[in-house]
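Close look at the chain arrangement
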Amino acid sequence: MSILLAIVALGLLIVLHELGHFLVARWCGMKVLRFSIGFGKPLWSRRSGPDNTEYCVSAIPLGGYVKMLGQEDANPSATSEDPRSYGRAPIGRRMVVVSAGVIMNLITNAAEALGENEGRIVLATDVAEYAADDLGGRICGRPEALASALTKISGAAQRVEN
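Residues numbered from 1 in each chain as written. Predicted model: local features only at pLDDT ≥ 70, side-chain atom pairs only at ≥ 80, totals over all residues. Heavy atoms only, no water.

**Some thoughts on the environment of Met-104**
- With respect to the secondary-structure elements, Met-104 resides in helix α2 (residues 91-116).
- For the pair Met-104 and Leu-16, spaced 88 residues apart in sequence, the C-alpha separation works out to 6.6 Å.
- Excluding residues within four positions of it along the chain, Met-104 makes contact with Leu-16, His-17 and Gly-20. (Helix = DSSP H or I, 4+ residues; strand = E, 2+ residues; numbered from the N terminus. Contact = heavy atoms within 4.5 Å.)

Below you can see the structure in the form of structure tokens.
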């Protein structure tokens, strides 16, 4: 039973991590081609939304990924002329998208810690507020806000641990 629980917990962490990348990429105006939980051949997929994004559950459940237009990890020199492509986005926006999965992990960690210690609920709210505020409109328009967001989130997460 504990192995099954660990697999479910890991799966949830993967989904939340990838959801961070997905939501921030969309919010920053990038076109998302695929949101996949797992790697390899898709066992289930569905296309939906204004960009016709493909949502998949794939055969190898050891992670997941978000594929954006113009993001070719196997061929970094490949480009897309579409203004909504990952490669055409300003470096600040790309940094935010890449960081969003880790930020989502920090929020998840803070929320989990608070579940064990209900008296610190305000701190989880702080972490979520900082992430939504600083990783929201300000970063996509102002990359220097990233340092501020990470500092605030780190401080709130440290308060949760103490």
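Now, onward.
**Digging into the packing of aromatic side chains**
- In total, this model carries four aromatic pairs according to the counting rule given.
- Between Phe-22 and Phe-35 the ring centres are 5.4 Å apart and the planes differ by 70°, which places this aromatic pair in the edge-to-face class. Remark: Phe-35 occurs in strand β1 (residues 32-48) and Phe-22 occurs in helix α1 (residues 2-27); sequence separation between them is 13 residues.
- On the accessibility criterion, Phe-22 (8% relative accessible area) is buried.
- Judged by its relative accessible area of 10%, Phe-35 falls in the buried class. (Phe/Tyr/Trp six-rings, centres within 6.5 Å; stacked < 30°, edge-to-face > 60°. Buried < 20%, exposed > 50% of the residue type's maximum accessible area, 1.4 Å probe, protein only.)

**Examining the side chain of Ser-36**
- As for its placement among the helices and strands, Ser-36 is situated in strand β1.
- A residue is classified by how much of its surface remains accessible, and Ser-36, at 0% relative accessible area, is buried.
- Within the structure, the side chain of Ser-36 is placed 3.1 Å from the side chain of Ser-58, a separation counted as a polar contact.
- Leaving out residues up to four positions away in the same chain, Ser-36 has contacts with Cys-56, Ser-58, Gly-64 and Tyr-65. (Polar contact = N/O pair within 3.5 Å; in protein donor to acceptor, adjacent residues only side chain to side chain.)

**As for the environment of Val-98**
- Looking at the element boundaries, Val-98 is found in helix α2.
- The sequence separation of Val-98 and Gly-20 amounts to 78 residues, and the corresponding C-alpha distance is 9.1 Å.
- For Val-98, the contacting residues outside a window of four places in its chain are His-21 and Tyr-86.

**Digging into the nonpolar core**
- Judged by nonpolar contacts, the single largest core of 14 residues is most densely connected at Val-24, Ala-25, Met-30, Val-32, Val-66, Met-68 and Val-97.
- For this core, the elements supplying multiple residues, two or more each, are α1, β1, β2 (53-68) and α2.
- Excluding anything up to four places from it in sequence, Val-24 contacts Val-96, Val-97 and Ala-100. (Core = buried A, V, L, I, M, F, W, Y, C linked by side-chain atoms within 4.5 Å.)

**Considering the pattern of salt bridges**
- Applying the stated criterion across every chain, the model contains four salt bridges.
- In this structure, the salt-bridge partner of Asp-51 is Arg-84, at a minimum N-O distance of 2.6 Å. Linking Asp-51 in the loop between β1 and β2 with Arg-84 in the loop between β2 and α2, this pair joins segments that are 33 residues apart in sequence.
- Each of Arg-34, Arg-47 and Glu-54 takes part in a single network of salt bridges with overlapping partners. (Salt bridge = Lys/Arg side-chain N within 4 Å of Asp/Glu carboxyl O.)

**Some details on the confidence of the model for the protein chain**
- On average, the protein chain scores 76 in pLDDT, and the residues at 70 or more come to 68%.
- Mean pLDDT values for the elements of the protein chain range from 47 in helix α3 (residues 121-141) up to 94 in β1.
- Here residues 119-128 scores under 50 on pLDDT; set against residues more than four positions off or in separate chains, the count is 18 contacts.
- In this model, residues 156-162 is a region of pLDDT below 50 whose contacts with residues beyond four sequence positions or in other chains number 15 contacts. (pLDDT = per-residue confidence, 0-100.)

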